[in-house]
Amino acid sequence: MNELRRMAYLDALGIDSYVSRTQMPGAAVTRRLAIIPAIARAVRTATNDVPSVQVTPAPREADGARPVSDNQVGNQATPQLPEKSSQPGPAAPRFSLVAIVAGDWLWLEELDGMPLTTQQVQLVQAMAQALVQKREPGAAIATETAAGHTDATRPQVAQFDWPIHTNQQLDLGADAARASVAGFVVRRLEQHGCRGLVLLGQSCAVRVPLQEVKLLTVSTASTAQILAQPALKRTVWRDLLPLVDAQ
């Protein structure tokens, strides 16, 4: 029987192969065929379909030559992001200002790390009273009436602290501090109808943008300096005299 026909019959019967284990006497010589399982055939077919790849060995690096990195493929280097500076930004200024409304004026002084004392408030009140008496002889600033009610001219104290928040995402620099101080001072001047601004101490004068203040402004020694050096009272009085004629 033709071998191909025999294999077709066996395939129709569901038999992969049919061969004799031994050579039968008187029978024709059986042709021994190589039996390849289906999985092996599939692997061999897939292997034959893969195109061959020729691997070229990398050239030896010449003296002084540098290997080409992946970023330089196609002669285009990958852009590098700028490194963030590890240096911290400028520290926010820290200070406290005290605003005292006494008489017709706003007295502003910086607290150099020390709390405001009663003597300082009394000194401001005394200077305001002296200015009123100079402008209107015989007048005086009453601090308390007989009924126990305070007079409107009693010193009113408010404090401004910078920074006013701890949000590092917002501007806490010197310019922002000066703008906030200007808003604070202008509100106090308008709220109390002050006729002038008195800056007590040179450090206080640095904090206030004077171009934002439309009223007469004088600068003199701070109350802390006056209390420490009473001889400064004569100089301070001369500095305050322009407030007498301020309208």
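The structure this text deals with has already been given above.
## Section: the overall build of the protein chain
So, step 1. The number of helices and strands found in the protein chain is seven helices and five strands.
So, step 2. The burial tally for the protein chain puts 26% of its 247 residues in the buried class.
So, step 3. Taking as baseline every contact in the protein chain between residues at least 6 positions apart, the subset at least 24 positions apart corresponds to 57%.
So, step 4. Taken as a whole, the protein chain presents about 18200 Å² of accessible surface, with 54% of it coming from carbon and sulfur.

## Notes on helix α3 (residues 118-135)
So, step 1. For α3, with 18 residues, the first-to-last C-alpha span of 26 Å sits near the 26 Å given by 1.5 Å per residue.
So, step 2. Taken together, the buried positions of α3 are occupied by Q120, V121, L123, V124, Q125, M127, A128, L131 and V132.
So, step 3. Tucked into the core, α3 has its buried residues touching β1 (95-102), β2 (105-110), β3 (156-162), β4 (196-200), α6 (223-228) and α7 (233-240).

## Notes on the pairing of β1
Across a regular strand the side chains alternate sides, sitting on one face of the sheet and then on the other.
So, step 1. Counting buried residues in β1 gives eight out of eight residues, a clear majority hidden from the surface.
So, step 2. Burial along β1 is two-sided: F95, L97, A99 and V101 facing one way and S96, V98, I100 and A102 facing the other are all buried.
So, step 3. Sheet topology note: the β1/β3 ladder contains seven bridges and is antiparallel. Across the sheet, V101 pairs through a bridge with Q156, a residue of β3.
So, step 4. In textbook terms, the turn of a hairpin is the stretch between consecutive antiparallel strands, and for β1 and β2 this stretch comprises two residues, one of which, G103, has a positive phi near 70 degrees.

## Points about the pattern of salt bridges
Proximity of charged atoms lets side chains of opposite charge pair with each other.
So, step 1. Taken as a whole and assessed by the stated rule, the structure comprises two salt bridges.
So, step 2. Residue D104 is joined to R195 by a salt bridge in which the shortest nitrogen-to-oxygen separation is 3.5 Å. Here the residue D104 occupies a position in the loop between β1 and β2, and R195 occupies one in the loop between α4 (174-192) and β4, the gap between them amounting to 91 residues.
So, step 3. Judged by its relative accessible area of 15%, R195 is buried.
So, step 4. Here R207 ties to E110 by a salt bridge, and the two come within 3.4 Å at their closest N and O atoms. Pair noted here: R207 is in helix α5 (residues 202-207) and E110 is in strand β2, with a separation of 97 residues, a long-range link.
So, step 5. For R207, a relative accessible area of 24% corresponds to the partly exposed category.

## Here's the deal with unusual backbone geometry
So, step 1. Backbone torsion omega between W162 and P163 reads 5 degrees, so that peptide bond is classified as cis.
So, step 2. Checked against the element boundaries, P163 lands in the loop between β3 and α4.

## Notes on the side chain of T220
So, step 1. Tracing the backbone shows T220 in strand β5 (residues 216-220).
So, step 2. A polar contact of 3.0 Å, which involves the side chain of T220, links it to the side chain of D239.
So, step 3. Residues contacting T220, with those up to four places away along its chain left out, are V198, L199, L200, G201, V236, D239 and L240.

## Here's the deal with the side chain of S96
So, step 1. Within the fold, S96 resides in strand β1.
So, step 2. Taking relative accessible area as the criterion, S96 reaches 19% and is therefore assigned buried.
So, step 3. When residues no more than four places from it in sequence are discounted, the contact partners of S96 are E109, E110, L111, Q159, F160 and D161.

Cut-offs applied
Residues numbered from 1 in each chain as written. Predicted model: local features only at pLDDT ≥ 70, side-chain atom pairs only at ≥ 80, totals over all residues. Heavy atoms only, no water. Helix = DSSP H or I, 4+ residues; strand = E, 2+ residues; numbered from the N terminus. Buried < 20%, exposed > 50% of the residue type's maximum accessible area, 1.4 Å probe, protein only. Contact = heavy atoms within 4.5 Å. Areas by Shrake-Rupley, 256 points an atom, 1.4 Å probe, with all protein chains shown as cover. Expected span 1.5 Å × (residues − 1). Pairing = 2+ DSSP bridges. Salt bridge = Lys/Arg side-chain N within 4 Å of Asp/Glu carboxyl O. Polar contact = N/O pair within 3.5 Å; in protein donor to acceptor, adjacent residues only side chain to side chain.

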